[in-house]
Amino acid sequence: LKDLVEAWAGVPLEQTDLYGVRQYEAGARLLTHVDRISTHAASLIVNIAQGNLTRPWTVEVYDHADRLHEVAMEPGDIVYYESAKALHGRNTPLAGGYYANLFTHYRPVDDPMWYKKENPEGTPEPLIDVG
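Worth saying up front: this structure is predicted, and the values here are computed from it rather than measured. (Residues numbered from 1 in each chain as written. Predicted model: local features only at pLDDT ≥ 70, side-chain atom pairs only at ≥ 80, totals over all residues. Heavy atoms only, no water.)

Engineer: Whenever I open this one, the overall build of the protein confuses me. Can you help?
Structural biologist: Of the regular secondary structure elements, the protein holds 1 helix and 8 strands. For 131 residues, the compact-globule estimate of 2.2 N^0.38 gives 14 Å, and the protein sits close to it at 15 Å. Counting only C-alpha atoms, the protein reaches 45 × 35 × 20 Å along its principal axes. When each of the 131 residues of the protein is scored for burial, the buried share is 36%. Considering only residue pairs separated by 6 or more positions, the protein has 84% of its internal contacts joining residues 24 or more positions apart. (Helix = DSSP H or I, 4+ residues; strand = E, 2+ residues; numbered from the N terminus. Rg over C-alpha atoms; globule rule 2.2 N^0.38 Å. Buried < 20%, exposed > 50% of the residue type's maximum accessible area, 1.4 Å probe, protein only. Contact = heavy atoms within 4.5 Å.)

Now the structure itself:
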């Protein structure tokens, strides 16, 4: 997974955390949040398994322009996101069945202040200023 996320991020990374497999049951929700700045620069959600769902349980991620992306996953799918900067969650309750994910997190090698850098050229501007 590290090679995949480094190719996506475009910089050398070190793994900081691995959580899972976490299994969620009917009614589960994850309120919108951001993760720890010091360890969660680039993150992956890997859907391991799911079953008996009555509708997809989308992960909701806001991009740098504050646009909402609702991503439906299938077993084996990977979602890449900047979990310390991008608001994310699953606000719609899990409808039936179960959902199992693995989460892994990375940060740039030898760059503890990565989060203070400007976004790369070409990053969309926010749609509204919330600051």
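Next comes the rest of the description.
Engineer: I keep staring at the pairing of strand S5 (residues 68–71) and nothing clicks. Help me out?
Structural biologist: Here is the key point about a regular strand: its side chains alternate between the two faces of the sheet. Examined bridge by bridge, strand S4 (residues 59–62) and S5 share 4 bridges and lie antiparallel to one another. Bridge pairing links Val59 to Val71 in S5. Linking two consecutive strands that pair antiparallel, namely S4 and S5, is a turn of 5 residues; a positive phi of about 60° is found at Asp66 within it. (Pairing = 2+ DSSP bridges.)

Engineer: When you look at the environment of Asp17 in this model, what are you seeing that I'm missing?
Structural biologist: Within the secondary structure, Asp17 sits in strand S1 (residues 13–25). On the basis of relative accessibility, which here comes to 18%, the residue Asp17 falls in the buried class. Considered as a pair, Asp17 and Thr39 are 22 residues apart in the sequence and their alpha carbons are 7.6 Å apart. If near-sequence neighbours (up to four positions away) are discounted, Asp17 is found in contact with Arg36, Thr39, His40, Phe103, Thr104 and His105.

Engineer: Honestly, the sheet that holds S5 in this entry has me stumped. Any pointers?
Structural biologist: Strand pairs in the sheet, formed through backbone hydrogen bonds, run parallel or antiparallel to each other. Read across the sheet, 4 strands follow the order S2-S7-S4-S5 without closing on themselves; strand pairing throughout is antiparallel. Each edge of the open sheet carries a strand with a single partner, namely strand S2 (30–33) and S5. Averaged over all neighbouring strand pairs, the angle between strand axes comes to 20°, with direction disregarded. Of the strand pairs in this sheet, S2 and strand S7 (residues 88–90) are connected by 2 bridges, and their pairing is antiparallel. By the bridge assignment for S7, His33 is matched with His88. (Axes fitted to C-alpha atoms, helices over the stretch in contact; angles between N-to-C directions.)

Engineer: Even after reading the chapter, I still don't get unusual backbone geometry, so can you show me in this structure?
Structural biologist: Among all residues except glycine, the phi angle is most often negative; among peptide bonds, the trans geometry is most common. Cis geometry marks the peptide bond from Gly20 to Val21; its omega dihedral reads 5°. You can see Val21 is positioned in strand S1. At Asp66, a residue that is not glycine, the phi angle is positive and equals roughly 60°. Relative to the elements of secondary structure, Asp66 occurs in the loop between S4 and S5.

Engineer: Honestly, the sheet that holds strand S6 (residues 78–81) in this entry has me stumped. Any pointers?
Structural biologist: Spatially, 4 strands are ordered S1-S8-S3-S6 in an open sheet, and the strand pairing comes out antiparallel. The sheet terminates laterally at S1 and S6, the two strands that pair on one side only. Put simply, the sheet's adjacent strands are angled 15° from each other on average, direction ignored.

Engineer: For this particular structure, what's the right way to read the nonpolar core?
Structural biologist: Residues Tyr24, Ile45, Trp57, Val79, Tyr81, Leu94 and Tyr99 are the most contacted members of the largest nonpolar core, which totals 13 residues. Elements with a minimum of two residues in this core: S4, S6 and strand S8 (98–108). If you look at the next biggest cluster of nonpolar residues, it comprises 5 residues, including Val5, Ala42, Leu44 and Tyr106. (Core = buried A, V, L, I, M, F, W, Y, C linked by side-chain atoms within 4.5 Å.)

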